[in-house]
Amino acid sequence: MKLSMLQQSYMNRRSASFRASSAPLDSSTDSTIKSPAAIFWVLLHGLCCLISLVLGFRFSRLVFFFIFSTSTTTTLYMTTPFPPLAKTSTNINDLPLEIPVINRTLSSSSRVVVGRHGIRIRPWPHPRPSEVMKAHQIIESVQREQRIQSGVKSPMTVIVVTPTYVRTFQTLHLTGVMHSLMLVPYHVVWIVVEAGGATNETASIIAKSGIKTLHIGFAQKMPNSWEGRHRLETKMRLRALRAVREKMMDGIVMFADDSNMHSMELFDEIQNVKWFGAVSVGILAHSGGGGGGGESSSAVAEKDVEPNLSNPAMPVQGPACNASNKLVGWHTFNSLPYEGKSAVYIDDRATVLPRNLEWAGFVLNSRLVWKEARDKPEWVKDFDLVAENIESPLALLKDPSMVEPLGSCGRQVLLWWLRVEARADSKFPPG
Amino acid sequence: MRVCLWVFVVVIVFGFGDGKHAYQRLRTERISGSAGDVLEDDPVGRLKVYVYELPSKYNKKLLQKDPRCLTHMFAAEIFMHRFLLSSPKVLITSLLCPMTSEPASTIRKRKPSSGAFFPLLQRATLVQTFGQRNHVCLNEGSITIPPYAPPQKMQARQIPLDTPRSIFVYFRGLFYDVNNDPEGGYYARGARAAVWENFKNNPLFDISTDHPATYYEDMQRAIFCLCPLGWAPWSPRLVEAVVFGCIPVIIADDIVLPFADAIPWEEIGVFVAEEDVPDLDTILTSIPSEVILRKQRLLANPSMKRAMLFPQPAQPGDAFHQILNGLARKLPHDRTAYLKPGQKVLNWTTGPVGDLKPW
């Protein structure tokens, strides 16, 4: 029988390894003489074989260890009595024998045993929602610390000035700006100046932001032409600056027109401004009816115009620097190709052109417009003496060469200018 | 896995002075272990190391046969040897050790028992890759060193420090060693398999057996890096985690970490017992964020990162330095290391009786 052969070979191996030093090897030589003790051993071995066949490991060695050895040998090379619970879903439990306990007391204060270990799996190996929340809070705190470490040392409040008025696309544009501002990792104060007086519609939109807002109504209604709109927007921005001056708000003032798009890096970059800075603005001069106008990014499919060699792929307005990173001039928008073809009225389908230098490309320290500030430089005009029809905030300065170029000297485009308005007869879907 | 042992016969001369460099950086914390603030000690002037020549078949020829010896994780010995030969602090003598029949120096042994060198080992200080407590190889006075990790590759793959750490737990490596342990349960004492089975569905745990090209970059974007045991309790993951600022989560019972007296590993890493692996997510999420931020600050300390690396050529504060510092801290030897008066030779037959027989 195979079983008896197995047992025989098993016994031979056992005897060779365990009895070499002690008893003479008489069990192999006198295999013909079956003494009761030998039969007993054979039966015991058979029983152990069967048990280990069932359980899958040779614990008979363990039994012999306990029967024959009395000295406290190190248990490091012992097999463990853990049954192989490879893929069961219950937590590991000790064998019903007390062997593990005896093991521990015999070992030299080591928890480590060599051999087969069970794989511990808990009853429901899935993430728990409370722990996921805690993990996300940990991640957030680590990232905040990283930002503090590597970013700005003492961040200033960002004061955002946005002129707006009620129109079809107001919700669209204003929500876009609002979402950008909600993501800014610094303290934000949002000054919304509304033409035609403060309305509930605008108030309800900006109330969803959760940031500190200042809603200022401007008595004049928004005119229908782009020229008039630019002029009124200038007046509204100056009105906001007056509010900054009166309330002595501390921070960095930036002009976020409601239809512009701002990148998050912009807000990090403007923290570097000392007094008056300028960033590069990408101009997305979009033409309403297709054809003509500047192309925005390569995502725009309509390239049926002849390649406009004078304009780059996207015209950029901003500071121009020389090789030593000093401000030498300004890149402005080249409106010559659009002569006579640009939009006049707000609901025109022709291209809307920006001004030469948009307000959005400038940031200033709020102390420049204060009545008295401690280190206010002398190249700044007093705010009360500034006229109402200025073209760009450069008119606030006596010396425009003191402007700090930001965004690696204007090479990075940090925001994009766009003017898109609905046609006169369109209505924004309610609700 | 084979255990690589080093045997230095160190004849120590009393030295003076300890050049401590004060090195302050923002937002990092000074590391001081149980031996005090010794990470930035300078071993110059405190000890002399004598290196004895060994027939090249033990070192150079081996290297020629297998250049992989230079890059994989066991390469620390080779670099140590080179460092000693080129370091200005070390006095090179090529002597034959007169007490044995063959030169005794850098010996790589496969078994812990050492035959004729037993009395040498008893007096020697072993410098070995960090290992396991209560292991035959590990002696109370040994110096544990980190495994080798290629410093140039790691410097080359650094990403900007302000990249936000968005991976919570990161691990890449085997969970089941199907070649050597097909039934499971032996490899890593079941700990790695437990990690896989419990957390493969957990999106917070970015664990897999992939070999991504962005392994180093990913480690820099992770908050915790698991360093579970494999066949051996140590792995180069610890070094990589420390260099990349990822908090090591060490899952290896009774492990002895490198330079344990100079570096307070308890404050830098998280230790998880192998039996607690199913609750690893609970353990990690219940660590308060101040503790985590502090650990990251400690890890950001550049002397910590330097101490784990074996750069070629050697730089101040690197792992070679720390080894010599560790040796210097052992000075002076207590009297049993020296020959007693009247004892002219060491007794080469001490040790277990079984060792006297040939292999």
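This is a predicted model, so every value here is computed, not measured.

All names here are of chain A. A surface patch of nonpolar side chains, amounting to about 570 Å² of accessible area, comprises L47, L50, I51, L53, V54 and L55. Relative to the helices and strands, L50 resides in helix α3 (residues 36-55). We classify L50 as partly exposed; its relative accessible area is 46%.

Contacts between chain B and chain A engage 44 residues on the former and 35 residues on the latter. In this assembly, chain B packs against chain A so that about 3500 Å² is buried in total across both faces, 56% of it on carbon and sulfur atoms. In this structure, the connection of chain B to chain A is made through 1 salt bridge. Counting the contacts that link chain B with chain A gives 11 residue pairs in polar contact (both at pLDDT 80 or more). In the side of chain B that touches chain A, the residues fall into 17 nonpolar, 14 polar and 13 charged.

Moving on, we come to the UniProt feature "transmembrane region" (unreviewed entry) in chain A. Residues annotated in UniProt with the feature "transmembrane region" (unreviewed entry) correspond here to residues 38-55 of chain A. Counting secondary structure, residues 38-55 of chain A comes out at 100% helix and 0% strand; the distance between its end C-alpha atoms is 25 Å.

Aromatic ring pairs are defined here through the distance separating the ring centres and the angle between the ring planes. Tallying each qualifying case throughout the model produces 13 aromatic pairs over all chains. With centroids separated by 5.0 Å and ring planes inclined at 85°, the aromatic side chains of A:F255 and A:W359 adopt a geometry described as edge-to-face. In this pair, A:F255 sits in strand β4 (residues 252-255) while A:W359 sits in the loop between β9 (327-331) and β10 (362-365), placing the two residues 104 residues apart along the sequence. The same class applies to A:F255 and to A:W359, which are both buried. Consider the rings of B:F199 and B:F205, whose centres lie 4.3 Å apart with planes at 5°: the pair is stacked. Residue B:F199 is classed as buried on the basis of its relative accessible area of 0%. What makes B:F205 buried here is its relative accessible area of 5%. By the ring-pair criterion, three or more aromatic residues cluster together here, those being B:Y170, B:Y215, B:Y216 and B:F244. Geometry around A:Y165 places A:R167 over its ring, the cationic atom sitting 4.6 Å from the centre.

Let us look at the sheet that holds strand β2 (residues 188-195) of chain A. All names here are of chain A. Strand order in the open sheet formed by 7 strands is β3-β2-β1-β4-β10-β6-β11, with mixed pairing between adjacent strands. The outermost strands of the open sheet, each flanked by one partner alone, are β3 (212-218) and β11 (404-405). When strand β1 (residues 158-164) meets β4, the two strands line up parallel, connected through 4 bridges. Bridge pairing in β4 places I159 opposite V253. Its contacts with the sheet put helix α9 (residues 226-247) on β1, β2, β3, β4 and β10, and the angle it makes with β3 is roughly 125°.

Residue and element names in this part refer to chain A. Considering all chains together, one arrives at 21 salt bridges over all chains under this definition. Measuring nitrogen to oxygen at the nearest pair gives 2.9 Å for the salt bridge that ties R128 to E131. Judged by relative accessible area, which is 28%, R128 ranks as partly exposed. One connected set of salt bridges, linked through shared partners, spans R167, R229, E233, R237, D257, D258, R419 and E421.

Residues and elements named next belong to chain B. With 5 of 5 residues buried, strand β9 (residues 247-251) lies mostly within the body of the structure. On β9, burial covers both faces: I247, V249 and I251 on one face and P248 and I250 on the other are all buried. In the sheet, strand β8 (residues 222-228) pairs with β9 via 5 bridges, with the strands oriented parallel. Bridged to F224 within β9 is I247. Once the chain exits β8 it traverses helix α7 (residues 237-243) before rejoining the sheet at β9, and the crossover so formed is right-handed. Pairing of β9 with strand β10 (residues 270-271) involves 2 bridges; the strand directions are parallel. Looking at the pairing, V249 lines up with V270 of β10.

A few words now on the state of the cysteines. Taken as a whole, this structure holds 2 disulfides over all chains when the rule is applied. Sulfur-sulfur distance for the disulfide between A:C321 and A:C409 comes to 1.7 Å. A torsion of -95° about the S-S bond marks the disulfide between A:C321 and A:C409 as left-handed. Of this pair, A:C321 sits in strand β8 (residues 316-321) while A:C409 sits in helix α11 (residues 406-410); the two residues are 88 residues apart in sequence, bridging distant segments of the chain. Taking relative accessible area as the criterion, A:C321 reaches 22% and is therefore assigned partly exposed. With a relative accessible area of 10%, A:C409 lands in the buried category. The disulfide that involves B:C225 links it to B:C246, with 2.1 Å between the sulfurs. Between B:C225 and B:C246, the disulfide has an S-S torsion of 105° and is therefore right-handed.

About the cut-offs
Residues numbered from 1 in each chain as written. Chains lettered and ligands numbered in written order. Predicted model: local features only at pLDDT ≥ 70, side-chain atom pairs only at ≥ 80, totals over all residues. Heavy atoms only, no water. Patch = residues over 30% accessible without salt bridge, like charges linked within 9 Å, V, L, I, M, F, W, Y side chains within 5 Å. Areas by Shrake-Rupley, 256 points an atom, 1.4 Å probe, with all protein chains shown as cover. Salt bridge = Lys/Arg side-chain N within 4 Å of Asp/Glu carboxyl O. Helix = DSSP H or I, 4+ residues; strand = E, 2+ residues; numbered from the N terminus. Buried < 20%, exposed > 50% of the residue type's maximum accessible area, 1.4 Å probe, protein only. Contact = heavy atoms within 4.5 Å. Buried area = accessible area lost by both parts, 1.4 Å probe. Polar contact = N/O pair within 3.5 Å; in protein donor to acceptor, adjacent residues only side chain to side chain. Nonpolar A, V, L, I, M, F, W, Y, C, P; charged D, E, K, R; others polar. UniProt positions renumbered as here; feature names shortened; annotations may be inferred. Phe/Tyr/Trp six-rings, centres within 6.5 Å; stacked < 30°, edge-to-face > 60°. Lys NZ or Arg CZ within 6 Å of the ring centre and 35° of its normal. Pairing = 2+ DSSP bridges. Axes fitted to C-alpha atoms, helices over the stretch in contact; angles between N-to-C directions. Right-handed = clockwise from strand over helix to strand, strands pointing away. Disulfide = S-S within 2.5 Å.

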